[in-house]
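Each chain, written out:
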Amino acid sequence: MLALKRIVTVAVMIYLLLALLFILVPAVRTSVADMGAGLSVPEKERQFFYVMFVVGAVLMALHLLTENLDSVLLRRTVNQHEGKINELKAKLYDQQQRTSISSPATGPRTIDGRNLDAPMVREQPTAYPAENRPADPLPQPTFPQPDPSLSNTPPADRPPLA
């Protein structure tokens, strides 16, 4: 379809260039019009313009037909792709709904995945040399840090009020 559309477009452009040549240069028009039968000069001119009109009308109709056909085919392809996208979105939504229903609710969690309902376990710092320290499996958050002056710090870590 694309090749036919390009061929018709090129034919229309060539026709338009020839029509401009015939209209703007009377010598070329007269020499082309004289190729016909032995008619008078006004009849030759009239016959020449009539043929130019018919050829132009056929080319424009063909151009309009190929453009509209290409547009319809492109719209149909876009609608098919949009339908496929919607179908895939629906499958993904269904899959997400099934996984959220099947996974048990374990309570509220923090951003890094820790369970808020679980008891807080404080690790005592070990004396590892800097080069032999094991790597942390998860990046440690910088906030919230345990600060004894905060009200949400457990009472054992809080300094006595003076």
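Attention here is on the structure that accompanies the text.

With respect to the overall build of the chain
Consideration 1: Looking only at helices and strands, the chain features three helices and zero strands.
Consideration 2: Helices and strands in the chain line up, N terminus first, as α-α-α.
Consideration 3: The burial tally for the chain puts 10% of its 162 residues in the buried class.
Consideration 4: If you take every contact in the chain between residues at least 6 apart in sequence, the share linking residues at least 24 apart comes to 51%.
Consideration 5: Of the roughly 13,900 Å² of accessible surface on the chain, a fraction of 66% belongs to carbon and sulfur atoms.

A closer look at the environment of A19
Consideration 1: By the element assignment, A19 lies in helix α1 (residues 2-24).
Consideration 2: Its relative accessible area of 12% is what places A19 among the buried residues.
Consideration 3: Remark: the alpha-carbon pair of A19 and M52, spanning 33 residues in sequence, is separated by 7.6 Å.

A look at the packing of α1 against helix α2 (residues 26-33)
Think of two packed helices as two axes; the pair is described by the angle between the axes and how far apart they sit.
Consideration 1: It is at 5 Å that the axes of α1 and α2 come closest, and there the two elements cross at 105 degrees. Considered as vectors, α1 and α2 are oriented roughly perpendicular to each other. Listed contacts from α2 to L21, F22, I23 and L24 of α1 are P26, V28, R29 and V32.
Consideration 2: Here the contact of α1 with α2 is composed, by residue class, of seven nonpolar, no polar and one charged.

Section: the nonpolar core
Consideration 1: In this structure, V8, V12, Y15, A19, F22, A33, F48, M52 and L59 together form the largest nonpolar core, which totals nine residues.
Consideration 2: Tallying contributions element by element places α1 first for this core, with five residues.
Consideration 3: Beyond its immediate sequence surroundings of up to four residues, F48 is in contact with F22, R29, V32 and A33.

The rules behind each value
Residues numbered from 1 in each chain as written. Predicted model: local features only at pLDDT ≥ 70, side-chain atom pairs only at ≥ 80, totals over all residues. Heavy atoms only, no water. Helix = DSSP H or I, 4+ residues; strand = E, 2+ residues; numbered from the N terminus. Buried < 20%, exposed > 50% of the residue type's maximum accessible area, 1.4 Å probe, protein only. Contact = heavy atoms within 4.5 Å. Areas by Shrake-Rupley, 256 points an atom, 1.4 Å probe, with all protein chains shown as cover. Axes fitted to C-alpha atoms, helices over the stretch in contact; angles between N-to-C directions. Parallel < 35°, antiparallel > 145°, perpendicular 65-115°, else oblique. Nonpolar A, V, L, I, M, F, W, Y, C, P; charged D, E, K, R; others polar. Core = buried A, V, L, I, M, F, W, Y, C linked by side-chain atoms within 4.5 Å.

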